[in-house]
Structure formats: C-alpha cells, structure tokens
Amino acid sequence: MSAERYLNHPTFGMLYLVAPAGDGRDVYATLYAQRMFFLVTLQPRGAQFEVIPYQDARHYAELHLNHCRRDRSPEYESWQQLFAQTFI
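Everything in this summary refers to the structure shown in the same document. All values derive from a computational prediction rather than experimental measurement.

Here's the deal with the overall build of the protein chain
Point 1. Looking only at helices and strands, the protein chain features two helices and five strands.
Point 2. Starting at the N terminus and walking to the C terminus, you meet the elements of the protein chain as β-β-β-β-β-α-α.
Point 3. Taken over the C-alpha trace, the protein chain has a radius of gyration of 12 Å; the compact-globule value for 88 residues is 12 Å, and the two agree within 12%.
Point 4. When its C-alpha atoms are laid out on the principal axes, the protein chain stretches across 35 × 30 × 20 Å.
Point 5. In the protein chain, which comprises 88 residues, the proportion classed as buried is 34%.
Point 6. For the protein chain, long-range pairs separated by at least 24 residues make up 33% of all intrachain contacts whose partners lie at least 6 apart in sequence.
Point 7. Total accessible area on the protein chain is roughly 5700 Å²; 51% of this is exposed by carbon and sulfur atoms.

Written as structure tokens, this is what we have:
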C-alpha cells in the first residue's frame, strides 16, 4: 500500500480506505466511529456512498487480502496490518 487514502463524507466526515472492492468501488470506514462502513464509487462528478454492514466490509477486505497473498504482493503486509486494526 503506497499511501493511505482518505475521503470526506458530507455527513460523517473523514473516511479511510479499508480495501478495494473491485468494479471501481472501494470500502471505506469512518475515521472516528470505526464501525460504519461505506462502499464508495468514485465518479467524474463526485462520489456515491452506500452504507454496508460490518460483515460485508470484512468480506471485501478478506477477499482483497487473499488476492494479495495469492499474487505475493509486496503490499500484503500493509494490507494485513490494516485488516487487523480495522476488524480484529
């Protein structure tokens, strides 16, 4: 993971990247109340935020972690640490 990514939600404030979800979507969590998760689709004229349950966010993060492990990604350790901080 080369750099942390943040977004500003109009109601919930700062969100941080938890994991890519595929199809141009990413899973973000609120920075301060870390149990709210969003599936975010970035669009040319803004972003679309969809609230998702904890288990769905964890599922997307596990899929991404498994993908990084399979591909022997150099970013695997960073993603694993972020997963542990967010979900364990």
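From this point, the narrative continues.
Remarks on the pattern of salt bridges
Two side chains of opposite charge can pair, provided their charged atoms sit close to one another.
Point 1. In the structure shown here, the tally under the stated rule is two salt bridges.
Point 2. With a shortest N-O distance of 2.5 Å, Arg5 and Asp26 are connected by a salt bridge. With Arg5 in the segment before β1 (6–9) and Asp26 in strand β3 (residues 25–30), this pair connects stretches of sequence that are 21 residues apart.
Point 3. The partly exposed category is assigned to Arg5, whose relative accessible area is 37%.
Point 4. Since its relative accessible area comes to 12%, Asp26 is described here as buried.
Point 5. Across the pair Arg58 and Glu62 runs a salt bridge, and its minimum N-O distance is 3.2 Å. Of this pair, Arg58 and Glu62 both sit in helix α1 (residues 54–70), separated by four residues, roughly a single helical turn.

As for helix α2 (residues 76–87)
Point 1. In this model, α2 (12 residues) spans 16 Å end to end at C-alpha, consistent with the 16 Å of a helix rising 1.5 Å per residue.
Point 2. Residues Tyr76, Trp79, Leu82, Phe83, Thr86 and Phe87 constitute the buried set of α2. Seen from one end, α2 has its buried residues packed into an arc of 130°, which puts them on one side. Turned more than 90 degrees away from the buried face of α2, the exposed residues are Glu77, Gln81 and Gln85.
Point 3. Buried residues along α2 sit against β2 (13–22), β4 (37–43) and α1.

A look at a nonpolar patch on the surface
Point 1. On the surface, Tyr6, Met14 and Tyr32 cluster together into a nonpolar patch covering about 360 Å² of accessible area.
Point 2. Structurally, the position occupied by Tyr32 is in the loop between β3 and β4.
Point 3. The class for Tyr32 is exposed, based on a relative accessible area of 71%.

How each quantity is defined
- Residues numbered from 1 in each chain as written.
- Predicted model: local features only at pLDDT ≥ 70, side-chain atom pairs only at ≥ 80, totals over all residues.
- Heavy atoms only, no water.
- Helix = DSSP H or I, 4+ residues; strand = E, 2+ residues; numbered from the N terminus.
- Rg over C-alpha atoms; globule rule 2.2 N^0.38 Å.
- Buried < 20%, exposed > 50% of the residue type's maximum accessible area, 1.4 Å probe, protein only.
- Contact = heavy atoms within 4.5 Å.
- Areas by Shrake-Rupley, 256 points an atom, 1.4 Å probe, with all protein chains shown as cover.
- Salt bridge = Lys/Arg side-chain N within 4 Å of Asp/Glu carboxyl O.
- Expected span 1.5 Å × (residues − 1).
- Arc of directions from axis to C-beta.
- Patch = residues over 30% accessible without salt bridge, like charges linked within 9 Å, V, L, I, M, F, W, Y side chains within 5 Å.

Purely geometric stuff here, so don't read any function into it on its own.
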